[in-house]
Every structure is written in C-alpha cells, then in structure tokens.
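Residue-level structural notes
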Amino acid sequence: MGLASYDVGDSDLFFGRDQELEKTNEIIQNNLSTIIYGESGVGKTSLIRAGLFPRLMHDNYLPVWIRLEHDSDEDYCGQIEHAILDEVYKNGCEIEHAHNLDLNLFTPSERLWLLLYSSVIWDGSNRKVYPVIFYDQFEEMFTLTTSSNAVASFFKDISDFSQQVPNTRLLNF
C-alpha cells in the first residue's frame, strides 16, 4: 500500500497486527473513551479502519469515522450527528426513536444526545448496533479552531454525553 492507509475494504489484505487489534478492541469495548495516538506513519489509521472496524461491526458496533471541520457553519455536534446518520443509512440500518419528537425543535447537541441515548439503531439483520465514533486528526481542534467558545462548548457536550446526562431542557420533554 505504500503510504496509503488500508481501509475496511482492504481488511482481507491487512494482517500481522493481531495482538494490537485484540488489545485495542478489548479497550474500546470496555471503556467509554479511548485515545489512540502514535507517530505519523506507524499505521494507526490502517489498524483502526482495516483491522478494528470489521471486528467492531461483527460485535454489533457501527464504527463512525469523522474528521471535524473547524470554523464551519455547522457546529461539532451537528457534524457528528450527520456522520452517524450517514453511516446508519450507508450500512442499511434504521433508527427507531423512542419518542415521537419533532427533532427540528432541538439544538444539534440535544439531537445528538437523543440519537445516542434515546434511539435504537437496527442493522439489516435486525440486530441492535451501537455507534462508536472515531475522530481523525482530533488535535486539529486545538490548532485549527479560532473559536475557543466552540471548543469549550464541544467539551462540555462530550462530558455530558460520557456521563449520559441530558441537559435540563431535554429532561422536560
């Protein structure tokens, strides 16, 4: 492959990193947040996309790869929501919303919370699947974003998500 990364479609060509894959898969499935880091060129992307994604999909997870756009008109939570929805529909899954709510009444972070915690995603075989979000080049949030408010808001939302705590407005619905 040279300098190009392996992708999910190349998983049959990807081999030789079984111990790393097993350990990474175990860590991801047993922890709410995981950081994978290393020097450029060591194969993190290939390990994740060609090795880990197929394993996660086999275990009823829906891997979502996203590279956030900074200083975009769409905030980070909206971008994540759209990335999840794209993967849901690309993989022939369906979303079952727990409540008959008009999602247009909610902010992007509220919609993302509802998607993650108040909805069920079913794959084509009627298995419940769980999104796992992978942020590519996450460090760019600190180097490319000019709005410290956007970053602070994102980290507050992520903290709320990780504690599975809805905001006050959602509690009233």
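The structure we're discussing is the one just above.
Values in this document were obtained by computation on a predicted structure and should not be read as measured data. (Residues numbered from 1 in each chain as written. Predicted model: local features only at pLDDT ≥ 70, side-chain atom pairs only at ≥ 80, totals over all residues. Heavy atoms only, no water.)

1. As for the overall build of the chain
When its secondary structure is counted, the chain shows seven helices and four strands. For 173 residues, the compact-globule estimate of 2.2 N^0.38 gives 16 Å, and the C-alpha radius of gyration of the chain, at 17 Å, lies within 12% of that figure. Across its three principal axes, the chain shows a C-alpha extent of roughly 50 × 45 × 25 Å. For the chain, buried positions account for 36% of its 173 residues. When contacts within the chain are restricted to residue pairs at least 6 apart in sequence, long-range pairs at least 24 apart make up 68% of them. (Helix = DSSP H or I, 4+ residues; strand = E, 2+ residues; numbered from the N terminus. Rg over C-alpha atoms; globule rule 2.2 N^0.38 Å. Buried < 20%, exposed > 50% of the residue type's maximum accessible area, 1.4 Å probe, protein only. Contact = heavy atoms within 4.5 Å.)

2. Digging into helix α1 (residues 18–30)
Spanning 13 residues, α1 covers 18 Å between terminal C-alpha atoms, matching the ideal 18 Å at 1.5 Å per step. Close packing links the buried residues of α1 with α2 (44–58) and β4 (128–135). (Expected span 1.5 Å × (residues − 1).)

3. Digging into the environment of I36
You can see I36 is positioned in the loop between α1 and α2. Classification of I36 as partly exposed rests on a relative accessible area of 32%. Remark: the alpha-carbon pair of I36 and N104, spanning 68 residues in sequence, is separated by 35 Å. Beyond its immediate chain neighbours, meaning those up to four positions away, I36 contacts T24, I28, K44 and I48.

4. Considering the packing of α1 against α2
When two helices pack together, their arrangement is captured by the angle between the axes and the distance separating the axes. For the pair α1 and α2, interaxial distance at closest approach is 10 Å and the crossing angle is 60 degrees. Looking at the two axes, α1 sits oblique to α2. Classified by chirality, the crossing of α2 by α1 is right-handed. Here D18, E20, L21, E22, T24, N25, I28 and Q29 of α1 lie close against α2, whose contacting residues are L47, G51, L52, R55 and L56. In terms of residue class, the contact of α1 with α2 is made up of five nonpolar, four polar and four charged. (Axes fitted to C-alpha atoms, helices over the stretch in contact; angles between N-to-C directions. Parallel < 35°, antiparallel > 145°, perpendicular 65-115°, else oblique. Left-handed = near helix turned anticlockwise from the far one by under 90°. Nonpolar A, V, L, I, M, F, W, Y, C, P; charged D, E, K, R; others polar.)

5. With respect to the nonpolar core
Core analysis: the largest hydrophobic core is formed by 25 residues, its most contacted members being L68, I80, I84 and V88. Sorting the residues of this core by element identifies β1 (61–66), α3 (76–90), α4 (108–117) and α6 (148–162) as the ones contributing at least two each. Take this core: its biggest share by element is seven residues, from α3. Setting aside residues no more than four positions away along its own chain, V88 makes contact with L62, C93, E94, I95 and I121. If you look at the next biggest cluster of nonpolar residues, it comprises nine residues, including I48, L52, F53 and L56. (Core = buried A, V, L, I, M, F, W, Y, C linked by side-chain atoms within 4.5 Å.)

6. A few points about the environment of H82
Inspection of the secondary structure puts H82 in helix α3. Exposure remark for H82: the relative accessible area of 37% places this residue in the partly exposed category. Taking the C-alpha atoms as reference points, H82 and D59, 23 residues apart in sequence, are found 23 Å from one another. At 2.8 Å, the side chain of H82 and the backbone oxygen of G78 are in polar contact. (Polar contact = N/O pair within 3.5 Å; in protein donor to acceptor, adjacent residues only side chain to side chain.)

7. Considerations on the side chain of N25
In this fold, N25 is placed in helix α1. For N25, a relative accessible area of 8% corresponds to the buried category. At 2.9 Å, the side chain of N25 forms a polar contact with the side chain of Q29.

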